[in-house]
Amino acid sequence: MTRSEAAKEFGILSREKVDANIKFAEDMELHGKKIQVPCRSGMQEAIFYPAGGKKPAPVIFEIYGGCFSQGYVANNDRMRTRMWESTGYNVIGLDYRKSPDHPYPCGLEDVFDAVCYFHDHADEYGIDRERMATWGHSAGGNFACVLALMAKETGRFSLKAQLLDYPYLDAYIEGIEKTTASIGLTAEVLDAMNDIYADKETRHGKYLSPVYATAEELKGVAPAAIVICGQDPLRMESETMVQHFLDAGVPVLVRKFPTASHGFLEHWFFREWYMDTLSPEERVGIPDNIEELAEEGLAFVISAAKYFMEL
């Protein structure tokens, strides 16, 4: 199979997974309220968990992952609920358009527009627009990081923190330079997801691969908290990004889980979808103590959110 054929096949598979994911989520009991958010592309879905205490309150915008081509906004209800209950903040899960039908920058535009909307309607939603943060996982971590760059460069809104779980920060280098794994995020999967998302030259830009942002471009962006998995093809770019943040004077909190595999938070907290669909071969890569790891990982992210919001 040629690389272009592999990319096309991955795009077809991604569409099928999104359709199945949405159908699976139809019967889910959500702890937040579904709302429609106006974006330049039209209306996009969001799930709103309103702060229950004194208002206005901080807000955390959560962005799911899925190779820029998979996933659904309902998926991370458990994680968002835990963040909501543990902090008393507003929490908002954001949906976005996905490749291959909507390649870069479509999804990024959707989450940027959504953050702008809630910023502009802060009074309506009880949001303290001076205490906003992004929180993303994998490809969603890419968006969460890029939004911090966009906040600085556009001045459209400001962020107190960027919370990044095993973020996808380098879409430029070839998959084989990241991994030789035969299951999970293989080199072939990494290349295919990149190919249906943007062309090679575009993928070097900081709004797609923030690891290539200069120290000057990073200077002054929101403080970061990063979860790194030891068993993850993306671990090296996260470690590189930590150093880049430090070189630019950006405060960083880091927690590395040496035995954790990519996606371990979603795998546990939405296990009905992720864990139950794994093949026997894929299950080999999931540590036996995934529940313990996931609880520790989420607790770290929650503590980091509280720390940065109160600075």
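Residues numbered from 1 in each chain as written. Predicted model: local features only at pLDDT ≥ 70, side-chain atom pairs only at ≥ 80, totals over all residues. Heavy atoms only, no water.

K.L.:
Explain the sheet that holds strand β3 (residues 57–63) to me, and be specific about the residues and the numbers.
P.N.:
Taken together, 8 strands build an open sheet; the order of strands is β1-β2-β4-β3-β5-β6-β7-β8 and the sheet is mixed. Lying at the two open borders of the sheet, with one neighbouring strand each, are β1 (33–39) and β8 (252–261). Taken pair by pair, the neighbouring strands of this sheet meet at an average axis angle of 25 degrees, ignoring direction. Packing of helix α3 (residues 106–120) onto the sheet brings it into contact with β1, β2 (42–49), β3, β4 (90–94) and β5 (127–137), and relative to β1 it is tilted by some 105 degrees. (Pairing = 2+ DSSP bridges. Helix = DSSP H or I, 4+ residues; strand = E, 2+ residues; numbered from the N terminus. Axes fitted to C-alpha atoms, helices over the stretch in contact; angles between N-to-C directions. Contact = heavy atoms within 4.5 Å.)

K.L.:
Requested: an account of unusual backbone geometry, with residues and values cited.
P.N.:
At the junction of K55 and P56, the peptide bond is cis and its omega measures out at 5 degrees in the coordinates. Residue placement: P56 occurs in the loop between β2 and β3. Note the cis peptide between Y104 and P105, where omega equals 10 degrees. Relative to the helices and strands, P105 resides in the loop between β4 and α3. Phi angles above zero are rare outside glycine, and C67 is one such case at about 65 degrees. Within the fold, C67 resides in the loop between β3 and α2 (77–87).

K.L.:
Summarise the pairing of β1; cite the residues concerned and give the values.
P.N.:
Taken together, the 7 bridges between β1 and β2 define a ladder with antiparallel strand orientation. Residue pairing across strands places C39 opposite G42, the latter belonging to β2.

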